[in-house]
Amino acid sequence: MSGASDGAEANWILRHPLKQMKELQVGDSEQIHAAFLVYMDLTEVRRWKEVSCVKIPDLQAVLLEAQEKDGGPVHTILPLPVHQSLTSPSLLNSICQALDRGFPLLLCAVASDSTLVYQRMTDGLVTPDPPVGPFEDVGRRQHRKRRQQQR
């Protein structure tokens, strides 16, 4: 091995995402662990691009920024341990700050067994998209007809 490659191999730990998250000086180690699990899911499972760690001033949490596809919009992901309440004024303020950044915001609840649940957050109510595909309204009439035929 050459000396240059030894130096590069020795410094990989300095670029490790968990070390970068700890350098953001977030006091909550559970939130850092949740952020790392979400980071691993985005990079290794979902194959999102340009995943990076950021911190919003006054927010004691690690945020992740990533692109779902090359050239796609940047998404902000807020990983939270599942037991953390969303009713605290500071957390609600933090979510509003994240929404004000202009990027789509995903809230990711992280369970103790590493289960991840993503939820898209918006500022206000959003009308859901209509279902796609050919659907028939079978409703109550068909069920009523079946009950009458069975008698």
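Conventions used here
Residues numbered from 1 in each chain as written. Predicted model: local features only at pLDDT ≥ 70, side-chain atom pairs only at ≥ 80, totals over all residues. Heavy atoms only, no water. UniProt positions renumbered as here; feature names shortened; annotations may be inferred. Core = buried A, V, L, I, M, F, W, Y, C linked by side-chain atoms within 4.5 Å. Buried < 20%, exposed > 50% of the residue type's maximum accessible area, 1.4 Å probe, protein only. Helix = DSSP H or I, 4+ residues; strand = E, 2+ residues; numbered from the N terminus. Contact = heavy atoms within 4.5 Å. Polar contact = N/O pair within 3.5 Å; in protein donor to acceptor, adjacent residues only side chain to side chain.

- In the nomenclature of an unreviewed UniProt entry, the protein chain is known as TSEN15 tRNA splicing endonuclease subunit of Poecilia latipinna.
- The heading Sequence similarities (unreviewed entry) in the UniProt record of the protein chain holds the text "Belongs to the SEN15 family."

### Considerations on the nonpolar core
And step 1. Judged by nonpolar contacts, the single largest core of 20 residues is most densely connected at Met21, Val38, Leu42, Trp48, Val62, Leu64 and Ile77.
And step 2. Those elements that place two or more of their residues in this core are helix 3 (29-45), strand 1 (49-54), strand 2 (63-67) and strand 4 (105-110).
And step 3. For this core, the element with the most residues is helix 3, which contributes 8 residues.
And step 4. The contacts of Leu64, once residues within four sequence positions are left out, are Met21, Ala35, Val38, Tyr39, Leu42, Ser52, Cys53, His75, Thr76, Ile77 and Pro79.
And step 5. In this structure, Ala61, Leu91, Ala98 and Leu105 belong to the second largest nonpolar core, which totals 10 residues.

### Considerations on the side chain of Gln31
And step 1. Note on placement: Gln31 falls in helix 3.
And step 2. Among the residues examined, Gln31 registers a relative accessible area of 1% and is labelled buried.
And step 3. Of the polar contacts made by the side chain of Gln31, one reaches the backbone nitrogen of Val62; its length is 2.7 Å.
And step 4. Beyond its immediate stretch of four places on either side in the chain, Gln31 contacts Val26, Ala61, Val62, Pro79 and Pro81.

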